[in-house]
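Here's the letter readout for the chains.
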Amino acid sequence: MTGTAEKVVVRPARRADAAAIARVYVETWRATYAGILPDRVLVEMSQDRQALIWSRAIATPGRAGFVVVAEDPDAGVIGFGSGGPAADGPPGWGEVYTLYVPSDHQSQGVGRALLFTLFGEFVTRGVPSALVWVLAANPFRFFYEAMGGQRIAEREERLWGKRVTQVAYGWEDLTRAVPPGGPSPCV
């Protein structure tokens, strides 16, 4: 990490963060999904297109969801996450749509802080439970197990002409998932 972990702040995303979020998104997709998703999908990813998508998502919060970023004062945005109503899960549950931290900022508590902030936002909105869908071949899926997620479902999906298995990790009681005192700092 360029700055010290104690300086990292997780906060709601602003439209001005869209380009940085897009950079993190494209970088982590290319690193994480190489060999899992078709190469053409990863090569054709566009930071400009992603910046537009994230700018719109940030500009229209509410029922569709919310976006948070982890910001280091020296390095800028070093991770982000988003969540909202579960699209494919138990009724009344929330869903972590995205949670991405580039490899040079992993294993420093950034992902944990983002996840717990998302959980805190769900609780604030009266959503007691949440899940996240992860590609089964994604080696980072074990992060969710380490954070207390229980494997609750599995599904097959066709993405870009390739059949993939996805696993859902769930937290039935988010008030028990977040440490007392709220999300921990990025340490």
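Each remark here, short or long, concerns the structure printed above.
Below or above, wherever it landed, is the structure these notes cover. Since this is a predicted model, take the numbers as computed values, not measurements. (Residues numbered from 1 in each chain as written. Predicted model: local features only at pLDDT ≥ 70, side-chain atom pairs only at ≥ 80, totals over all residues. Heavy atoms only, no water.)

1. Details of the overall build of the protein chain
Okay, so step 1: What the protein chain contains, in helices and strands, is 6 helices and 7 strands.
Okay, so step 2: Mapped from its N terminus to its C terminus, the protein chain presents α and β elements in the order β-α-α-α-β-β-β-α-β-α-β-β-α.
Okay, so step 3: For the C-alpha atoms alone, the extent of the protein chain along its principal axes is close to 45 × 40 × 30 Å.
Okay, so step 4: Per-residue burial over the protein chain gives 48% buried out of 187 residues.
Okay, so step 5: Taking contacts inside the protein chain between residues at least 6 apart in sequence as the whole, the part at least 24 apart equals 65%.
Okay, so step 6: Positive and negative side-chain charges in the protein chain, numbering 19 and 19 respectively, have mean positions lying 4 Å apart. (Helix = DSSP H or I, 4+ residues; strand = E, 2+ residues; numbered from the N terminus. Buried < 20%, exposed > 50% of the residue type's maximum accessible area, 1.4 Å probe, protein only. Contact = heavy atoms within 4.5 Å. Lys, Arg positive; Asp, Glu negative; His and termini not counted. Charge placed at Lys NZ, Arg CZ, Asp CG, Glu CD.)

2. Some thoughts on the sheet that holds strand 6 (residues 150-159)
Okay, so step 1: Taken together, 7 strands build an open sheet; the order of strands is 1-2-3-4-5-7-6 and the sheet is mixed. The two strands at the open ends of the sheet, each matched to only one other strand, are strand 1 (9-12) and strand 6. The mean inter-strand angle of the sheet, taken between neighbouring strand axes irrespective of direction, is 25°.
Okay, so step 2: Bridging between strand 4 (residues 94-100) and strand 5 (residues 130-135) involves 3 bridges; their strand directions are parallel. Across the sheet, Glu95 pairs through a bridge with Leu131, a residue of strand 5.
Okay, so step 3: Each of strand 1, strand 2 (66-72), strand 3 (76-85), strand 4, strand 5 and strand 7 (162-171) is contacted by helix 4 (residues 110-124), which is oriented at about 155° to strand 4, the strand it contacts most. (Pairing = 2+ DSSP bridges. Axes fitted to C-alpha atoms, helices over the stretch in contact; angles between N-to-C directions.)

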